[in-house]
Structure formats: structure tokens, C-alpha cells
Amino acid sequence: MAEIPGDLLYTEEHEYLKPAGEDGVYFVGITDYAQGELGDVVFVELPDPGKKFGRMDVFGTVEAVKAVSDLFSPVSCEILEVNASLADNPGVVNSDPYGAGWMVRVRATTAGELDQLLGAGEYGKHIGQG
Amino acid sequence: MQATPVWRLLVDPPREGAANMAIDEALFEGVQVGGRPVLRLYRWRPPCLSFGRNQPARGRYDPGLAAASGIAIVRRPTGGLAVLHDRELTYAVAVGAGEIGGPRATYLALNRALIRALARLGLPASVAPPRSDRPLPLDRAGGHPCFAEAASGEVAVGRRKLVGSAQRCERRTLLQHGSILLDGDQSAVTRLQTGPGPHPVSDSTTVREALGRLPAAGELEAAIMAGFEQELGIRLEEGPLLTAEAERAARIEEKYRSPEWTWRR
């Protein structure tokens, strides 16, 4: 069973949004289910800090062995920071997706978009769990 | 009774690397907007070195030496590592992510279809077993050749890789293409590398080596068509590249010819 923390929000494309301790600021990464489906992650392509994205825009790609997939922005946001440690250690996306495997830290730029994301229960149903 | 799904089949003449990648991408885009799944079979002329989408290549490969050797260079839209496309047959599949399953399920199903095709020729290939070690991060694997080792689930003869495949997943559509090595070797991938060694060498085999002969013209293509139809429970309908697709591919080809894309990393 994939881990689905109850206090995070999710997209149907398997990204999560996790409060980063400051109002309107979040960590974004991919879910435990997604990392399991992808297999061993060997590379994460991330944008430069300062870049802005609309909701569900592609903000980067993740490459597991042989397979490149898009990463979607859960909300409209500005990139504040990228997880630079993933360059040397992309495998942490597999081993700790909700912790050290975060990908970008963002500031949400459009109020109200969080309502369109899935809660843990809805995401669980989306992946056929629960 | 459920109707048998009909996929398009394109059997293409040999083309340059940039044109081949552009056509694969145009077909992929067509499926993204609701087109039928496609199987395309093709070859490369002149020989071409392809990099994976995210593979570090700048400063690691020598474009001058490649040009002097008559080898073109292109960067694929899919993942993975460097491949020399010369004496091989390439397959490409563009299919909706729900059609067969997710990326990994599709990967395994297409590899099983290829194994079935090779078995029809009398070539006993199998799926490479899972590896116990983690793959190297791409930035450390860097210039490694794709055929240096068989990853879990790939088509191999014993432990030696015969087919190297890679995927792109976008808007719930998958593009998977891969090289079925017919003859020759992958040593040019290592020869075109610059910088300090040691460069890992390929551990691959070829259809000629594994079968003891080269398939006759069209023989492998026919086996692949039958293997795909049987394994995937589909019917293939052969047809040409549509005019709109060819026009779209011609525009996309500019990207695959540009040094900005080829040497992006």
C-alpha cells in the first residue's frame, strides 16, 4: 500500500502539496504511489527559482530508468527554491518522497486554487486504494 | 464481444535521425489528441548517435569526430542513455496510457510482444531479471552507452541486451521506442566519447549473433507485426504518414536539428 499522509493535498497527476511553515508557501513533490509506479528515479529536471507557473503547467520532468514523465504544478505559483540535493541523490525521491525527496518550494500566487486539489481520501480512491 | 482494437502501422524508409525523432513526436502528439495507437518501424540513414532526453552529453561526446566518421547526432525525446543507430531496426509505439496500462505495464507488454516476435524467427530472447543494485544517477552515469547493461525488464539473450528501449510520458500518452540490434556493435558510442576514461563498454548482442544469420528483407518486420497482434490482442492496419503529420513533423524537425536541443546538457 502506498503511503498517503492525511494532512497533504494531491493532484490527479500524483503531485503533492505540503505546507512549508509559512503562509502560502508549500513543498511540491511526487507521491509514494507515483515513485513506486516510476521505479528508480535517476534524474529530476527542475526550473530556476523565480519562475512562475500556472495551475497544472509542466514545471519539470522526472526520469526513472528509461522513462521521462512530466511534473505538473498543483497550483499557480512562483518557485522559491529547488531541492539541489536531488542532482546527486535523485533516489531520495523513492526512499523519502514526502520528506527529503521534495522537489520545489513554491509560493502560491492565486487564492482559492487549493480547493481544487484532492484530499488524502480522494487521492486514495483515485489510485484505487481505500 | 469486444471488438479487437485497431492500431495504425507505419513501415518507413530509412531517414536521418532528426527526421525520425520528429515523426515519432508528431505521431505521439496525434495520439495525445485522440488518434489511434501507432506502431512505426524504421531505420536510420546515415548512422546516428542518439542521446537520452536528460543525458549529460556536452563536453562528453566529440561532434567533430562523429561528423568525420559519417555519424549524425540527435537527442531523443525519451529517457535513457546513448545508442548508435546503424545496423538495427527501430520500433516506436505511441499509445494512450490507459490502453495497455501505466508506463511500466506498457513497457513490459511491448517487450513481451518483441520477445514473441523474435521467437517466431527462432531467436530465444527473454526479459532481463530485476537488478539488485540501484541504477546510477543520470549525472553520474553521464556518457554511458545504453547497451552497457540490461536494465530490469529489457529484452536480452542471456544477460546480453538485444533491444534498448526508452519512454516519454506526457498528457497520459506514452511514446516508447527502441533499437533492435541486427548486426555490428556499439563500440562507436565509446569511441566518440571525450574526456577521461574508463568508458564502460557495451554488453550487447545482435540478431545475427543470436540467430546465426541475418533475417531476410521484411522478415523481422513481419515477425514484429505478428508478435504485436498476438501479444497485445490488436489488429494492425498499415498505412502512410498522413500529410498533416508529415507537415507537423517537418516543423518539429527544426528542434531536433538545433544544437540548443542536442547539446542542452
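Residues numbered from 1 in each chain as written. Chains lettered and ligands numbered in written order. Predicted model: local features only at pLDDT ≥ 70, side-chain atom pairs only at ≥ 80, totals over all residues. Heavy atoms only, no water.

Asks: Any chance you could explain the interface of chain B and chain A here in plain terms?
Replies: Bring the parts together and some accessible area is lost; that lost area is often taken as the interface size. The interface is formed by 27 residues belonging to chain B together with 24 residues belonging to chain A. Together, the buried faces of chain B and chain A total about 2000 Å²; carbon and sulfur atoms form 45% of this surface. For chain B, the biggest contributors to the area lost against chain A are Arg104, Arg134 and Arg172 of chain B; these three give 26% of the whole. Counting across the interface, chain B meets chain A through seven salt bridges. With a shortest N-O distance of 3.2 Å, Arg134 of chain B and Asp40 of chain A are connected by a salt bridge. Put simply, chain B and chain A have 17 residue pairs in polar contact (both at pLDDT 80 or more) between them. Looking at the side of chain B that touches chain A, the elements that each hand over two or more residues are helix H4 (103–120), helix H5 (138–141) and strand E9 (160–170) of chain B. Ranked by the residues each element gives to the side of chain B that touches chain A, the list is headed by E9 of chain B, at seven residues. (Contact = heavy atoms within 4.5 Å. Buried area = accessible area lost by both parts, 1.4 Å probe. Salt bridge = Lys/Arg side-chain N within 4 Å of Asp/Glu carboxyl O. Polar contact = N/O pair within 3.5 Å; in protein donor to acceptor, adjacent residues only side chain to side chain. Helix = DSSP H or I, 4+ residues; strand = E, 2+ residues; numbered from the N terminus.)

Asks: Explain the sheet that holds strand E3 (residues 25–30) of chain A here, please?
Replies: As a general point, the strands of a sheet are linked pairwise by backbone hydrogen bonds and lie either parallel or antiparallel. All names here are of chain A. Spatially, the six strands line up as an open sheet ordered E1-E2-E3-E9-E8-E5, and their pairing is antiparallel. The sheet terminates laterally at strand E1 (9–10) and strand E5 (52–53), the two strands that pair on one side only. Strand direction decides the pairing type here: strand E8 (residues 77–82) and strand E9 (residues 104–108), joined by five bridges, are antiparallel. Looking at the pairing, Glu81 lines up with Arg105 of E9. (Pairing = 2+ DSSP bridges.)

Asks: I tried to follow the sheet that holds strand E3 (residues 48–51) of chain B on my own but got confused; where do I start?
Replies: Residues and elements named next belong to chain B. Strand order across the open sheet formed by three strands is E4-E3-E5, with mixed pairing between neighbours. In this open sheet, the two edge strands, each paired with only one partner strand, are strand E4 (72–75) and strand E5 (83–85). The sheet shows a mean angle of 25° between the axes of neighbouring strands, taken without regard to direction. Note: E3 against E5, three bridges, orientation antiparallel. (Axes fitted to C-alpha atoms, helices over the stretch in contact; angles between N-to-C directions.)

Asks: For this particular structure, what's the right way to read the pairing of strand E4 (residues 41–45) of chain A?
Replies: All names here are of chain A. Among the five residues of E4, five are classified as buried, and the element is accordingly described as predominantly covered. Note: E4 against strand E6 (residues 58–64), four bridges, orientation antiparallel. Looking at E6, one finds that Glu45 is bridged to Thr61. (Buried < 20%, exposed > 50% of the residue type's maximum accessible area, 1.4 Å probe, protein only.)

Asks: Even after reading the chapter, I still don't get the nonpolar core, so can you show me in this structure?
Replies: Soluble, globular proteins show a tendency: their nonpolar side chains are buried together. All names here are of chain B. Grouped together as the largest cluster of nonpolar side chains are 34 residues, with contacts concentrated most on Leu39, Tyr91, Ile224 and Phe228. For this core, the secondary structure elements donating two or more residues are strand E1 (6–11), strand E2 (38–42), strand E6 (88–96), H4, E9, strand E10 (173–181), helix H7 (207–211) and helix H8 (219–232). With seven residues, H4 is the largest single contributor of residues to this core. Dropping the residues within four chain positions of it, Tyr91 is found in contact with Leu39, Arg40, Leu41, Asn111, Leu114, Val163, Ser165, Gln176, His177, Gly178, Ile180 and Phe228. (Core = buried A, V, L, I, M, F, W, Y, C linked by side-chain atoms within 4.5 Å.)

Asks: Hey, could you run me through helix H1 (residues 17–32) of chain B in this one?
Replies: Residues and elements named next belong to chain B. The end-to-end C-alpha distance of H1 is 23 Å, a good match for the 22 Å that 16 residues give at a rise of 1.5 Å each. Counting buried positions along H1 gives 14 out of 16 residues, so the element sits mostly inside the fold. Among the residues trailing H1, Gly34 stands out with phi positive, at a value near 105°. (Expected span 1.5 Å × (residues − 1).)

Asks: Help me out: how do you make sense of the packing of H1 of chain B against helix H9 (residues 243–257) of chain B in this one?
Replies: How two helices pack is summed up by the angle between their axes together with the distance between the axes. Residue and element names in this part refer to chain B. Viewed as axis vectors pointing N to C, H1 and H9 meet at an angle of 125°, and their least axial separation amounts to 7 Å. By the criterion of interaxial angle, the relationship of H1 to H9 is oblique. H1 and H9 meet at a crossing whose hand is right-handed. Residues Ala18, Ala19, Met21, Ala22, Ile23, Glu25, Ala26, Leu27 and Glu29 of H1 touch H9, and the partners they reach there are Glu245, Arg248, Ala249, Ile252, Glu253, Lys255, Tyr256 and Arg257. (Parallel < 35°, antiparallel > 145°, perpendicular 65-115°, else oblique. Left-handed = near helix turned anticlockwise from the far one by under 90°.)

Asks: Even after reading the chapter, I still don't get the pattern of salt bridges, so can you show me in this structure?
Replies: For side chains of opposite charge, pairing can occur when their charged atoms come near one another. Residues and elements named next belong to chain B. Within the structure shown, the criterion is met by 31 salt bridges over all chains. Residues Glu16 and Arg257 are paired through a salt bridge, measuring 3.2 Å at the closest nitrogen-oxygen approach. With Glu16 in the loop between E1 and H1 and Arg257 in helix H9, this residue pair connects regions lying 241 residues apart in the sequence. Where Glu231 meets Arg112, a salt bridge forms, and the shortest distance between an N and an O atom there is 3.1 Å. In this pair, Glu231 is assigned in helix H8 and Arg112 in helix H4, connecting sequence segments 119 residues apart.

Asks: Can you help me understand the confidence of the model for chain B in this one?
Replies: A low pLDDT means the predicted coordinates there should not be read in detail. Per-residue confidence for chain B averages 93 on the pLDDT scale, and 98% of its residues sit at or above 70. For this predicted complex, the interface confidence reaches an ipTM of 0.89, while the overall pTM sits at 0.94. (pLDDT = per-residue confidence, 0-100.)

Asks: Would you mind showing me how to read the pairing of E6 of chain A here?
Replies: Two faces, one strand: in a regular strand the side chains alternate between the faces of the sheet. Residue and element names in this part refer to chain A. Taken across its seven residues, E6 has six buried, putting it largely inside the fold. Both E6 and strand E7 (residues 67–72) contribute to a ladder of six bridges, which runs antiparallel. Note on E7: the bridge partner recorded for Val62 is Ser69. Following E6, the chain reverses through two residues before pairing antiparallel with E7; Lys66 in that reversal takes a positive phi of roughly 80°.

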